[in-house]
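Chain by chain, the residues run as shown.
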Amino acid sequence: MPNGTRGLFCNRTLNLRGIRAIGYDMDYTLVHYHMRAWEERAYSYLKQGLSARGWPVDDLTFQPDMVIRGLILDTKRGNVVKANRFGYVKRAFHGTDPLDYDTQKQTYQRILVDLADDRWQFLNTLFSISAACMYMQLVDLMDEGKLSGSMSYHTLYEEVQSTLDTAHMEGRLKKEIIASPEQFVDVDEEMPLALLDQKAAGRKLLLITNSEWSYAQPMLDYVFNPYLPGEMTWSDLFDISIVGARKPDFFSVRMPAFRVVSEDGMLREHTGGPLAEDAVYVGANASLVEETLGLSGEEILYVGDHLFVDVNITKKVLRWRTALVVRELEEEILAFQMFHEKQRELTQLMQKKNKLEEKYSQMRLEVQRLRKGYGPTEHDAPKQLEREMVEVREDLVALDNEIAPLARQAGQLGNDNWGPIMRTGKDKSLFARQVERYADVYTGRVSNFLHHTPFVYLRSYRGNLPHDAVSLPETELIAP
């Protein structure tokens with residue numbers, strides 16, 4: 001496993017020998033894009049749409065590092081925030097400007113991020129980057145009085161989304177990608193072999209994507225066919241292929257199915273019975289797939305990149321097993337590996353700081369007891385203790401000066417503005433908590449299944465609790 005980055009990371013024990021069918025999403029799962037290239041073009045179409053409506057956006061430029069997946073738009077205040085697993089905001093921007101500590105505390109000290117509230121818009125997928133970048137920039141223009149009309153930050157968000165949705169519906173971006181896939185698609189030549197292994201091991205393979213037939217066919221041709229044996233094509237690889245699936249409704253609503261009967265996408269309605277295993281369908285539903293396969297629940301594993309559409313609903317409604325593709329994970333792991341020695345130094349300094357703070361607190365308590373005349377003490381001269389406290393405080397200040405640059409670097413791993421996608425400081429991010437809750441397994445790319453075989457028994461790690469540090473041998477502890 002190269003540098004440990006190509007692993008399958010297990011939240012909930014998963015025995016692949018017990019999985020009888022594996023379903024796959026397409027975009028950012030089987031077909032991975034060069035995010036910056038795709039989102040820059042999406043941003044340009046969004047910009048054109050807004051400009052056509054008279055918005056002053058011509059001088060704006062796409063800034064891909066401004067946001068990362070897993071952030072949350074606060075559409076009530078025009079902010080972008082990063083929250084920890086409990087929903088506490090730990091970092092925030094208003095528009096394109098970071099909030100200082102005091103402003104952030106005053107704004108969010110009594111507010112928890114609640115993803116069920118329409119106020120909060122979670123950036124579930126890499127497809128969110130261009131719209132989030134534009135939203136932040138437009139908040140700046142709105143605050144400067146450069147956007148006409150009466151509009152709230154929430155209305156502004158809706159305008160951005162509707163304009164982007166219109167651009168996608170027009171299909172111009174997808175036509176560009178079909179015409180020049182090499183500019184936009186990051187081909188993983190190992191990926192078809194991973195699926196061949198699974199098929200040869202007796203697993204039924206399913207394609208379930210929201211992409212329409214006219215786009216899915218050329219994309220799958222591009223990433224699969226050159227790397228399959230002989231005359232085999234992607235359609236031979238999948239036992240059931242469904243495009244235009246309309247997830248998440250696909251998993252909970254019995255929608256009609258239509259069979260693709262020609263290369264140009266002509267459809268014929270499926271009138272009943274099981275789906276044919278040599279065909280491609282539009283629409284359909286998960287219940288029909290289960291009935292066709294004679295499988296249900298934990299016999300099926302679904303792999304996708306969208307936290308809500310692909311793993312949340314799938315697990316909640318169907319109890320399918322789930323795997324989330326987090327492509328950013330590979331770079332994040334490498335960044336942490338390169339920071340390892342500095343992290344060790346930072347950990348040692350923090351341990352030293354903890355001991356000094358404990359010493360200072362004990363001295364402060366003893367001075368308190370001496371001055372108020374109660375409780376046991378080891379000294380009888382409060383002024384001497386207070387002089388020693390000054391020395392300890394000076395040592396703490398010096399220690400903080402050593403810690404600060406290392407802590408700053410640790411907080412910028414992966415992204416200068418937001419840090420790593422899975423963490424907020426020492427805690428898990430809200431994104432990581434959602435991954436932990438809904439994805440049985442997460443990984444950087446589909447071809448990582450190659451490194452574990454179709455027969456692997458993936459076991460979750462023993463989770464740490466705060467008191468484990470004093471109740472377990474050090475060798476049994478898992479690093480936070």
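Each remark here, short or long, concerns the structure printed above.
Residues numbered from 1 in each chain as written. Predicted model: local features only at pLDDT ≥ 70, side-chain atom pairs only at ≥ 80, totals over all residues. Heavy atoms only, no water.

What to know about the overall build of the protein
If you tally the helices and strands in the protein, you get 16 helices and 19 strands. A principal-axis box enclosing the C-alpha atoms of the protein has dimensions of 95 × 60 × 35 Å. Across the 480 residues that make up the protein, the buried fraction comes to 51%. In the protein, of all internal contacts separated by at least 6 residues, the share reaching a separation of at least 24 is 74%. Surface summary for the protein: the accessible area is close to 23,800 Å², and the carbon and sulfur share equals 49%. Of the charged side chains in the protein, 57 are positive and 70 negative; the average position of the first set lies 6 Å away from that of the second. (Helix = DSSP H or I, 4+ residues; strand = E, 2+ residues; numbered from the N terminus. Buried < 20%, exposed > 50% of the residue type's maximum accessible area, 1.4 Å probe, protein only. Contact = heavy atoms within 4.5 Å. Areas by Shrake-Rupley, 256 points an atom, 1.4 Å probe, with all protein chains shown as cover. Lys, Arg positive; Asp, Glu negative; His and termini not counted. Charge placed at Lys NZ, Arg CZ, Asp CG, Glu CD.)

Brief notes about the pattern of salt bridges
All told, the structure shown has 30 salt bridges when counted by the stated rule. Among the ionic pairs, Glu 299 bridges to Arg 20, the shortest N-O distance being 3.3 Å. With a gap of 279 residues between them, Glu 299 in the loop between helix 10 (286–293) and strand 14 (300–304) and Arg 20 in the loop between strand 2 (14–15) and strand 3 (21–24) connect regions that are remote in the sequence. The partner of Glu 159 in a salt bridge is Arg 53, and the shortest N-O contact between them spans 2.2 Å. Placement of Glu 159 in helix 4 (residues 153–170) and of Arg 53 in the loop between helix 1 (35–52) and strand 4 (72–74) is noted, with a sequence separation of 106 residues between them. What makes Glu 159 partly exposed here is its relative accessible area of 21%. Among the residues examined, Arg 53 registers a relative accessible area of 41% and is labelled partly exposed. Through salt bridges with shared partners, a single network forms among Arg 12, Glu 298, Lys 315, Arg 321 and Asp 440. (Salt bridge = Lys/Arg side-chain N within 4 Å of Asp/Glu carboxyl O.)

Comments concerning empty space enclosed by the protein
With the rule as written, the count across this model stands at 3 cavities of 30 Å³ or more. Considered as a void within the structure, the largest cavity measures approximately 90 Å³ in volume. Residues belonging to the lining of the largest cavity are distributed by class as follows: 8 nonpolar, 4 polar and 4 charged. By volume, the second largest cavity is sized at about 40 Å³. Per-class residue counts for the lining of the second largest cavity are 5 nonpolar, 2 polar and 1 charged. (1 Å grid on protein atoms, 1.4 Å probe; cavity = no way out; pocket = protein on both sides within 12 Å on 5 of 7 lines; lining within 4 Å. Points joined across faces, edges and corners; volume = space filled by probe spheres on them. Nonpolar A, V, L, I, M, F, W, Y, C, P; charged D, E, K, R; others polar.)

Comments concerning the sheet that holds strand 6 (residues 89–94)
By way of backbone hydrogen bonds, the strands of a sheet pair with one another, either parallel or antiparallel. Taking strand neighbours across the sheet as the criterion, the 5 strands line up as 7-6-5-4-8 in an open arrangement whose pairing is antiparallel. Looking at the sheet topology across the chains shown, the edges are occupied by strand 7 (97–98) and strand 8 (120–122). Here strand 6 runs beside strand 7; their pairing, made up of 2 bridges, is antiparallel. Residue His 94 lies in a different strand from strand 7, and its bridge partner there is Asp 97. The strands touched by helix 2 (residues 101–108) within the sheet are strand 4, strand 5 (79–83), strand 6 and strand 8, with strand 6 carrying the most contacts at an inclination of about 105°. (Pairing = 2+ DSSP bridges. Axes fitted to C-alpha atoms, helices over the stretch in contact; angles between N-to-C directions.)

Concerning the pairing of strand 9 (residues 204–208)
Burial runs high along strand 9: 4 of the 5 residues are buried. Sheet topology note: the strand 3/strand 9 ladder contains 4 bridges and is parallel. Bridge pairing in strand 9 links Tyr 24 to Leu 207. Sheet analysis places strand 9 next to strand 10 (residues 240–243), joined by 3 bridges and oriented parallel. Bridge pairing in strand 10 places Ile 208 opposite Ile 242.

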